[in-house]
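# Structural characterization, general
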Amino acid sequence: MKEKNGAIGIAPYGGSAGGWGALKAVADAIRGQMAVKQDVIALFRMNQPQGFDCPGCAWPDPLHTSSFEFCENGAKAVSWEATGKRATPDFFAAHPVKELWERHDFDLENEGRLTHPMKYDRDTDTYQVIEWDTAFQEIGALMQGYDDPDSVEFYTSGRASNEAAFLYQLFAREYGTNNFPDCSNMCHEPTSVGLPVSIGVGKGTVELEDFDHCDLVLCVGHNPGTNHPRMLGTLREVAKRGGTIVAFNPLQERGLERFTSPQSPLEMLTLSSTRLSSTYYKVRVGGDAAMVKGIMKSLLSLHNEALSKGEKGVIDEAFIAEHTQGFEELKADLEATDWADIERVSGLSHKDILHIARLYAKAERTILCYGMGITQHQYGTKNVQQLANLMLMRGNIGKKGAGICPLRGHSNVQGDRTVGITEIPNQALLDGIERTFGFTPPTKHGHGAVATIRAMHEGKAKALFCLGGNLPVAMPEPETCFEGMRKLDLAVHMATKLNRSHLAVAKHTYLFPVIGRTERDTQLSGDQSVTVEDSMSMVHASRGSLEPASPHLKSEPALVAALAKASLPNTVVPWDKLVSDYHFIRDAIESVFPAFKDFNKRIMNHGGFRLYNAASERKWNTPSGKANFIVMHGINEDPRSAQGHDLVLTTLRSHDQYNTTLYGMNDRYRGVTGRRDVLFINADEAESRRLRVGDKVNVVALAPDGTPTARRMDNLTVVVHDMAPGSVATYYPEGNVLVPLNSYDDESGIPAYKNVPIALEHCA
Ligand SMILES: Nc1nc2c(c(=O)[nH]1)N[C@H]1C(S)=C(S)[C@@H](COP(=O)(O)OP(=O)(O)OC[C@H]3O[C@@H](n4cnc5c(=O)[nH]c(N)nc54)[C@H](O)[C@@H]3O)O[C@H]1N2
Ligand SMILES: Nc1nc2c(c(=O)[nH]1)N[C@H]1C(S)=C(S)[C@@H](COP(=O)(O)OP(=O)(O)OC[C@H]3O[C@@H](n4cnc5c(=O)[nH]c(N)nc54)[C@H](O)[C@@H]3O)O[C@H]1N2
Ligand SMILES: [Mo]
C-alpha cells in the first residue's frame, strides 16, 4: 500500500511537529483572520503575567518565559477569536435558520463574531436584534413560570473563567437545581471521579517543575503536537537531559516522534530535531487497561526475580505498606490475568510489555501523562485508576519529579469544576454557599450531559442555558440532542460565534454575544481581570486588551448576573456589586472555598499560585486516609469488545480544529489536506479487506451482539496510516453519529467516544 494521491488530499507528512511548518500555518491562519498589528500585540501578551490566558489549552506556563510562549494552535485560537469578521444583524436577517442549517459547521463559525443580542423570530425563521433589557425581562418571566427548578439545565463549556462559572453555579443553585451538564462530562470526568477514590484528589499531582527532575515520562492516549503544543517544549527538555519518553497510542502521531522547537533558532537553521519518543507502542484502541495490567503483572515478576537474586525489588514495598491499601487484592487479580488475553486485547506482545516494565522499573522518577485515549471509554474511570495503580506500585505519587498528570482540555475546564460546576455537589460546597450568601442550595444530584439530553428528549426539560460550547455536536447521537432542544420552551445561548447548537431552536430562543478572553472587560470600577486554573492547579489572572468585537457585547459574569437577577425576583445575592468589580467575586469564591485563601492578593504574584493538592504531599483524602489500589475485573474497556469484534473505531481531533470549531480542513501531521471525510486504517487491515488508499467505504456501528445498527457514516475515504491492528479512526465531531448515547462509563457518565465496534462496507 504505497500509493500517494495528492489529488485526494492524502500524502504522508515528512517533517517534524512544530518548526517552520508550524510558523507558516500560523502566518496563513492569521493573515486570513485578523489585522497584523493586533495579532502581534495579542501573541506577545498571551500567557504572560500581564496578558490574557491562551484559550487554546490548559498546559501551564513556565515561570521563566523568554519573550512569549509561541504555539501554533494557540495562535490559531487567538486569531479565531480576534478575527475581523462579523456575523451582523444584516447577516441574520438575510439567512433564515433553515438555510443556515444546511451550511457546513465551518461556514457557520467562519461568519465571524456575534455582535448583537438576538432573539429567534418564528414568523421569519430568522434571528432578530433585541434590546438587552427586553430580553432579560422576557427570560425572567419565563423562568419564574416554571414549577420545577430541575426542569432547567445549565450547560458550561470549559472556557468560562472562574468568575463567570462561579456566578453561573450560584444562579442555578439559587434557582434551585444542580443540573450542570458540562464539557467535563465528555472529557476528564473519569479523572474527577476516579482519582479521588485512588489518591484522594481528582486532579493531577505534578507541577511543571517536576518535568525538570523526572527521568521517565509515559504519554498515554494524548496527542500533544496538536492539542497541547507547548507541552512539546517541555518534553524536548526532558529528552535533551537524557530522560526517556514512551508513548502509548494506536496511531503513530508525529508530535510524539520528532519535534523541532520554533523557539530554538539554531535547530531551525540546522533542521535538526530532537528525537522525542525513544519508544512508541501502538496499543490497540481500547487496549490500555490490558496493557497496564500487563505492565503491572510484569513488575510483579521482575520484583520476585530481583528478590530471588538477593537484589533490591522493583516494587516500593515501604511506600505501599505506609501509604496504601488494597495491594494484595490487586496482586491476586494480576496473577489471575492471562497473558494470552493481555496480548490479544492490548495488541502488544508479552516481550514488549516486559520491556516497558523494565524501563519503568529502572526509572527513579516517573511522570505519567494521559488524555482522551484513556478517559473516553466505557471503563474510563477504571482506566484512570489502573494508571494510578501503576504509579503507586513504585511510589511515584507525591515525590519530586514524579506523579500523575491528566492533560485537561479546555483552558479552564478544571477551574470551572473547582468553583462549583458539578452536578454532584459535596457538603463543603453547599455549606460554603449557605455561609456566604445565606440561602440553602439544593442537595439533590443534578443532571450531567447524558441525563440532560435524555431529559430534553423526553420532554421533561423546559429550559437550557448554554455558557459557551456546542452541546449537541459534541455529544453522541447529535440528532437525539437536536430533537430534544427543539422540544424546549426556552434556550439561552451565550457565545462568541454562531454554531449549530444555536440553530436547533426552542419555542423561545436567545443568542447572546459575549466578550472573549482576548478582549477588554470594563465594569463600573474599571478594566477587569478574570482567573483560570491550568492542568497543574495553578490559578492565575487573565486580562484581555483588544477592543471588544462590538460595543454591544456583555462579559460572561455581567450577562450571567443579569439573567440571574431577572429570573430570581427575591434573590439574596448582591449581583450588581459582584459584577461592579470582580475582586468581589473572588472574595466570594474565597469565602465558599477556603483553598482560595488570599485570592485577590495571590493572583498578583508572578505566575499566580498553586491550589493545595494533598496527594502531592502524600496526604490521602480518602475515607481510610490511605491511597487505594483499585481492581478492575477483566481487561476490556468496552464489554462489547469482548465479543471479539474485528474493528473498533476511535474519534480524533485533526490539527486544524478546536473541538467542534474547525479552523480549516487540513490535518498536516497525518498527511490529510482539504478534507475530513476519512477513515484511518492500517495497511494489513486494509489489504485483508481489499481496500486501497482513496477507496470509499461506509462505516456501520455494531450493536453489542455484533449486529449492524442504523448508525452509519457513508462514503469515507480510506487513508492508510501507521496504526494498531483492529483499530480504525475518524474525526470528531463528525464521528459522533456513530457513537451511541447509551454507551458510557457508569461511574463517570463519559461517553465511549473512543470505543465503537464497527463493520466496513465497500462503496459500489
Ligand atoms: N488545537 C487543539 N487543542 C486542543 C483541543 C482541540 O480540539 N484542538 N481540544 C482541547 C480539549 S477540550 C481536550 S479534552 C484536549 C484533548 O487532547 P487529547 O487527549 O490529545 O485528545 P484527542 O485528539 O481526542 O485524542 C488523543 C489521542 O488519543 C489516541 N487514542 C485514541 N483511542 C485511544 C485508545 O483507545 N488508547 C490510547 N492509548 N490512545 C487512544 C488518539 O490516537 C490521539 O492521538 O485538547 C485540548 N486542546
Ligand atoms: N466523538 C467525540 N466527541 C467528543 C470528543 C471526542 O474526542 N470525540 N471530545 C469531547 C470533549 S473532550 C469536549 S471538551 C467536548 C467539547 O464540547 P464544547 O465545549 O461544548 O464545544 P466547543 O467546540 O469547544 O465549543 C465551541 C463554541 O464555543 C463558543 N465559544 C468559544 N469561545 C467562547 C467564549 O469565550 N465564551 C463563550 N460563551 N462561548 C465561546 C463558540 O460559539 C464556539 O462555537 O466535546 C466532546 N465530544
Ligand atoms: Mo475536552
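The structure displayed is predicted, hence computed values, not measured ones.

Conventions and cut-offs
Residues numbered from 1 in each chain as written. Chains lettered and ligands numbered in written order. Predicted model: local features only at pLDDT ≥ 70, side-chain atom pairs only at ≥ 80, totals over all residues. Heavy atoms only, no water. Helix = DSSP H or I, 4+ residues; strand = E, 2+ residues; numbered from the N terminus. Rg over C-alpha atoms; globule rule 2.2 N^0.38 Å. Buried < 20%, exposed > 50% of the residue type's maximum accessible area, 1.4 Å probe, protein only. Contact = heavy atoms within 4.5 Å. Areas by Shrake-Rupley, 256 points an atom, 1.4 Å probe, with all protein chains shown as cover. Near = heavy atom within 4 Å. Polar contact = N/O pair within 3.5 Å; in protein donor to acceptor, adjacent residues only side chain to side chain. Nonpolar A, V, L, I, M, F, W, Y, C, P; charged D, E, K, R; others polar. Domains from an automatic or database assignment. Core = buried A, V, L, I, M, F, W, Y, C linked by side-chain atoms within 4.5 Å. UniProt positions renumbered as here; feature names shortened; annotations may be inferred. Pairing = 2+ DSSP bridges. Axes fitted to C-alpha atoms, helices over the stretch in contact; angles between N-to-C directions. Phe/Tyr/Trp six-rings, centres within 6.5 Å; stacked < 30°, edge-to-face > 60°.

## Concerning the overall build of the protein chain
In terms of helices and strands, the protein chain carries 29 helices and 31 strands. Taken over the C-alpha trace, the protein chain has a radius of gyration of 25 Å; the compact-globule value for 764 residues is 27 Å, and the two agree within 12%. Sorting the 764 residues of the protein chain into buried and exposed places 64% on the buried side. Look at the contacts in the protein chain between residues 6 or more apart in sequence, and 79% of them connect residues 24 or more apart. Split by element, the accessible area of the protein chain, about 27,400 Å² in all, is 51% carbon and sulfur.

## A closer look at the site of ligand 2
Taken together, 31 residues lie near ligand 2, and Tyr-155, Glu-556, Thr-660, Tyr-732 and Asn-736 sit nearest. One nitrogen or oxygen atom from the side chain of Asn-659 is found 3.1 Å from an oxygen atom belonging to ligand 2. Between ligand 2 and Asn-736 there is a distance of 2.6 Å, counted from a nitrogen atom to a side-chain nitrogen or oxygen. For the shell around ligand 2, the per-class residue count stands at twelve nonpolar, 13 polar and six charged. Residue contributions to the shell around ligand 2 reach at least three from each of two domains, namely domain 2 (86-185 + 412-603) and domain 4 (648-762).

## Structural notes on the side chain of Ser-184
Position of Ser-184 relative to the elements: it lies in the loop between helix H8 (162-175) and helix H9 (189-199). With relative accessibility at 0%, the residue Ser-184 sits in the buried group. Not counting the four nearest positions on each side in its chain, Ser-184 is found in contact with Glu-189, Ser-192, Val-413 and Arg-417.

## Some details on the site of ligand 1
Among the 32 residues in the neighbourhood of ligand 1, the closest are listed as Asn-249, Glu-253, Asp-288, Gln-657 and Asn-659. Within the side chain of Arg-653, an N or O atom sits 2.7 Å from an oxygen atom of ligand 1. Those elements that provide at least two residues to the shell around ligand 1 are helix H10 (224-227), helix H18 (372-375), strand E24 (647-652) and strand E25 (657-658). Broken down by class, the residue content of the shell around ligand 1 amounts to ten nonpolar, 18 polar and four charged.

## Quick look at the nonpolar core
Where a protein is soluble and globular, its nonpolar side chains tend to be buried together. Membership of the largest hydrophobic core comes to 63 residues, with the highest contact counts inside it found for Phe-166 and Phe-465. Tallying contributions element by element places H8 first for this core, with nine residues. Apart from the residues lying within four places of it in its own chain, the contact partners of Phe-166 are Val-419, Phe-437, Ile-585, Ala-588, Ile-589, Val-592 and Phe-593. Ile-199, Tyr-370, Trp-620 and Val-631 belong to the second largest nonpolar core, which has 51 residues in total.

## Side note on the UniProt feature "domain: Molybdopterin dinucleotide-binding" (unreviewed entry) in the protein chain
Mapped onto this numbering, the UniProt entry gives "domain: Molybdopterin dinucleotide-binding" (unreviewed entry) at residues 647-757. Along residues 647-757, the helical share is 5% and the strand share 37%, with 6 Å between the first and last C-alpha atoms.

## Some points on the sheet that holds strand E20 (residues 530-533)
The strand order across the open sheet formed by three strands is E20-E21-E22, and the pairing between neighbours is antiparallel. Looking at the sheet topology across the chains shown, the edges are occupied by E20 and strand E22 (609-610). Of the strand pairs in this sheet, strand E21 (residues 538-542) and E22 are connected by two bridges, and their pairing is antiparallel. Its bridge partner lying in E22, Met-538 is registered against Arg-610. Strand contacts of H8: E20 and E21, with the helix running at about 90° to E20, the strand carrying the most contacts.

## Some words on the packing of aromatic side chains
In this structure the tally under the stated criterion is 25 aromatic pairs. Between the aromatic rings of Tyr-120 and Tyr-127, the centroid separation amounts to 5.9 Å while the plane-to-plane angle is 70°, which identifies the pairing as edge-to-face. On the accessibility criterion, Tyr-120 (9% relative accessible area) is buried. Aromatic pair Phe-154 and Tyr-168: ring centres 5.6 Å apart, planes at 80°, arrangement edge-to-face. Remark: Tyr-168 occurs in helix H8 and Phe-154 occurs in strand E6 (residues 152-156); sequence separation between them is 14 residues. You'll find Phe-154 and Tyr-168 in the same group, each marked buried. Taken together, the ring pairs connect Phe-166, Phe-437, Phe-593, Phe-596, Phe-599 and Phe-609 into an aromatic cluster.

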